[in-house]
Amino acid sequence: ADSATIRNIMLWDYRPLASTFDQLQVIRLYYDFPDIDIDRYHLPNGTYRQVMLSARELNQGKLPANAKTWVNLNLVYTHGYGLGMSPVNVVTEEGLPEFFLKDIPPQSNVGLEVKRPEIYYGEETGTPIVVKGNIDEFDYPLGDQNQMTKYTGESGVGIGSFFRRLMYAMHFGEWNLLISSYLADQSRILYVRNIQDRVQKIAPFLTYDRDPYLVVAEGRLFWMYDAYTSTNRYPYSKPVEGINYIRNSVKVVIDAYDGKTTFYLNNASVDPMIRTYAGIFPTLFRPQEEMPSALRAHVRYPQDLFDVQAAIYETYHMEDPQVFYNKEDLWNVANEKLQDQVQKMESYYAIMRLPGEATEEFIQMIPYTPNKRDNMIAWLCARSDREHYGKMLVFKFPKQDLTYGPMQVAARIDQDPVISSQLTLWNQQGSSVTRGNLLVIPIREEVIYVQPVYLQAQNSPLPELKRVIVANGNAIAMEPTFREALDVVL
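All of these numbers come straight from a predicted model, not from anything done at the bench. (Residues numbered from 1 in each chain as written. Predicted model: local features only at pLDDT ≥ 70, side-chain atom pairs only at ≥ 80, totals over all residues. Heavy atoms only, no water.)

*Asks:* Which parts of the structure should I look at to understand the overall build of the protein?
*Replies:* In terms of regular secondary structure, the protein is built from 13 helices and 32 strands. Taking 2.2 N^0.38 as the reference for a compact globule, 490 residues should give roughly 23 Å; the C-alpha atoms of the protein span a radius of gyration of 25 Å, in line with that estimate. Judged by the C-alpha coordinates and their principal axes, the protein covers about 80 × 60 × 40 Å. In the protein, which comprises 490 residues, the share counted as buried stands at 52%. Residue pairs at least 24 apart in sequence account for 59% of intrachain contacts in the protein once pairs closer than 6 positions are excluded. The protein carries 47 positive and 59 negative side-chain charges, and their two centres are separated by 4 Å. (Helix = DSSP H or I, 4+ residues; strand = E, 2+ residues; numbered from the N terminus. Rg over C-alpha atoms; globule rule 2.2 N^0.38 Å. Buried < 20%, exposed > 50% of the residue type's maximum accessible area, 1.4 Å probe, protein only. Contact = heavy atoms within 4.5 Å. Lys, Arg positive; Asp, Glu negative; His and termini not counted. Charge placed at Lys NZ, Arg CZ, Asp CG, Glu CD.)

Structure, rendered in structure tokens:
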């Protein structure tokens, strides 16, 4: 009944997966995968899958020294190309991820299509470039040759006149903009291409999330950015990191090809601050109904906001004044053991069917433990799909029953003689073992704990997923696949 939840359990941790993407999909030395994003897609075959993806951006700093000429850096090597995308739960026989989107040009085995894979605006595009000059741009490597292209967008500022070239030459301190014969009458200069800088320059009065994420929609690549209204002047409100009021009232969408940046309102009716900004800048913000449905399907609850709310809820779940005053029922975000270091768990996204719901959905969640104890007392989630977007639920465990928390499960893993001896053996044979995040997966009235185990040779930067640990109640198992471990546990 909950096969969709099982099918989307996240076996890939974003940290080792970043190294795997670098090794398998960089293709050329001058490309980079800046970070790993998490999202979900309705695939053409009708399935709903959680994926990890990353943009293949151009890093001009990795070009050979003799290739770092002004013409190459400003007119030829101008953009990144495509992306890597893999499902969170599929592992090949070699312990590597399977790719839904890969290679150059982008190839897909699940029917996803990218017609405009060029990335002129991204997280690593920090330098100005000139397009539509008297020289072709490098598009992508094609065997021993290079495929060349010409920019067809209307982004940037025209610099066909002598006066404009002079102004930009003075502004950037680069006289080649004035004298180069590679510039033409139709040439345009693209700058402020870094998406973080771009949104700050357009609307500096908003606060922005730390993690913009890549979206594939309508055959194009977009960046989706969460923006907040915030202040430190809201009365009778507890501050967190200097602010005591925050709302995610804006979703920013940036086209990776032409840089078009659109600010969509998000639930503006409950936020007087964004209504005031919208009155001051009437042409800046668009109603949320105008966001294309292909993009709306990828709107997700922002992690920064969820983490703030989860921290506040540690105390403010108490509704009895006396209990609240004495902090008798204080909770803590659960700790986890990661690489022998005890730290607060990161909230994580998951696709699961919530209790009482008919279908699975994309949520973000975090478990709680009682203050100074390690058993699990509750878990909190925020919903992202359809009409449920923004709704939050808390599921509490009976206080009279013991429900293992992440630290207790980690201790049981360490104490299991079969598992500990195998991990110790691998660590002594020229390899290093990395254990990923311990995931808490509620299924009806049960809780399953899942932890992936990666093996990496000391002289290789390519981690491979070799085992999956599953725990349920007093049963625990480590097997080559999640299905095998689940069968042993159950």
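Moving on, there is more to tell.
*Asks:* Please explain the sheet that holds strand E10 (residues 129-131) as it appears in this structure.
*Replies:* Adjacent strands of a sheet form backbone hydrogen bonds with each other and so pair up, either parallel or antiparallel. Across the sheet, which stays open at both edges, the three strands sit in the order E10-E14-E13 with antiparallel pairing between neighbours. Unpaired on one side and paired on the other, E10 and strand E13 (157-158) mark the two borders of the sheet. Pairing of E10 with strand E14 (residues 188-190) involves three bridges; the strand directions are antiparallel. Residue pairing in the sheet places Val131 in a bridge with Arg188 of E14. (Pairing = 2+ DSSP bridges.)

*Asks:* What's the story with the nonpolar core in this structure? I'm lost.
*Replies:* Nonpolar side chains in soluble globular proteins generally cluster together in the buried interior. Membership of the largest hydrophobic core comes to 93 residues, with the highest contact counts inside it found for Tyr31, Val450 and Val470. Considering each element in turn, this core owes the most residues, seven residues, to strand E30 (residues 446-457). Excluding residues within four positions of it along the chain, Val470 makes contact with Ile448, Tyr449, Val450, Ala475, Ile476, Ala477, Phe482, Ala485, Leu486 and Val489. (Core = buried A, V, L, I, M, F, W, Y, C linked by side-chain atoms within 4.5 Å.)

*Asks:* Just to check I follow, could you spell out the packing of aromatic side chains for this structure?
*Replies:* Both the distance between ring centres and the angle between the ring planes are used here to describe each pair of aromatic rings. Applying the stated criterion across every chain, the model contains 27 aromatic pairs. For the ring pair Phe172 and Tyr191, a centre distance of 5.6 Å and an interplane angle of 80 degrees mean the geometry is edge-to-face. Of this pair, Phe172 sits in helix H4 (residues 162-172) while Tyr191 is found in the loop between E14 and helix H6 (195-202), placing the two residues 19 residues apart along the sequence. Classification of Phe172 by relative accessible area gives partly exposed; the value is 29%. On the numbers, 5.1 Å between centres and 5 degrees between planes, the contact of Tyr349 with Phe362 is stacked. A residue pair is termed long-range when its members are at least 10 positions apart, and Tyr349 in strand E24 (residues 348-352) and Phe362 in strand E25 (residues 361-370) qualify at 13 residues. (Phe/Tyr/Trp six-rings, centres within 6.5 Å; stacked < 30°, edge-to-face > 60°.)

*Asks:* Honestly, the pattern of salt bridges in this entry has me stumped. Any pointers?
*Replies:* Across all of its chains, the model carries 20 salt bridges by this definition. With a shortest N-O distance of 3.3 Å, Arg300 and Asp211 are connected by a salt bridge. Placement of Arg300 in the loop between helix H8 (293-296) and helix H9 (303-316) and of Asp211 in the loop between strand E15 (207-208) and strand E16 (213-217) is noted, with a sequence separation of 89 residues between them. Accessibility expressed as a relative area gives 4% for Arg300, which makes it buried. (Salt bridge = Lys/Arg side-chain N within 4 Å of Asp/Glu carboxyl O.)

*Asks:* What is the right way to look at the pairing of E16 in this model?
*Replies:* Along any regular strand the residues' side chains alternate between the sheet's two faces. The buried fraction of E16 is high, at five of five residues. Residues of E16 alternate between two faces, with Tyr213, Val215 and Ala217 on one and Leu214 and Val216 on the opposite face, all of them buried. Here E16 runs beside strand E17 (residues 220-231); their pairing, made up of five bridges, is antiparallel. Among the inter-strand pairings, Tyr213 is bridged to a residue of E17, identified as Met224. Hairpin geometry of E16 and E17 is characterised by an intervening segment of two residues between the two adjacent antiparallel strands and by a positive phi of about 55 degrees at Glu218.

*Asks:* How should H4 be read in this particular structure?
*Replies:* An α-helical segment advances 3.6 residues per turn. Residues three or four places apart therefore align on the same side. Listing the buried residues of H4 in full gives Arg165, Tyr168 and Ala169. Burial along H4 is one-sided: seen end-on, the buried residues are contained in an arc of 105 degrees. Opposite its buried face, H4 presents the exposed residues Phe163, Met170 and His171, each directed more than 90 degrees away. Looking at the buried positions of H4, the neighbouring elements they touch are E13, helix H5 (176-179) and E14. Remark: Gly173 follows H4 within two positions and exhibits a positive phi of approximately 60 degrees. (Arc of directions from axis to C-beta.)

*Asks:* It is not clear to me how the confidence of the model for the protein should be interpreted in this structure. Could you clarify?
*Replies:* In low-pLDDT regions, the fine details of the predicted coordinates are not to be read closely. Per-residue pLDDT for the protein has a mean of 92; in total, 100% of the residues score no lower than 70. Confidence, expressed as mean pLDDT per element, reaches its minimum in the protein at helix H1 (residues 3-7) with 79 and its maximum at strand E19 (residues 261-265) with 97. (pLDDT = per-residue confidence, 0-100.)

*Asks:* Could you clarify how one ought to interpret the environment of Leu455 in this entry?
*Replies:* Within the element layout of this structure, Leu455 appears in strand E30. Ignoring any residue separated from it by four or fewer positions in sequence, one finds Leu455 in contact with Trp426, Ser431, Ser432, Val433, Leu462, Pro463, Glu464 and Lys466.

*Asks:* Which parts of the structure should I look at to understand the environment of Lys238?
*Replies:* Inspection of the secondary structure puts Lys238 in the loop between E17 and strand E18 (245-255). Residues Lys238 and Ile312 lie 74 residues apart in sequence; the distance between their C-alpha atoms is 8.4 Å. Those residues in contact with Lys238 that sit more than four places away from it in its chain are Ile243, Asn244, Ile312 and Tyr316.

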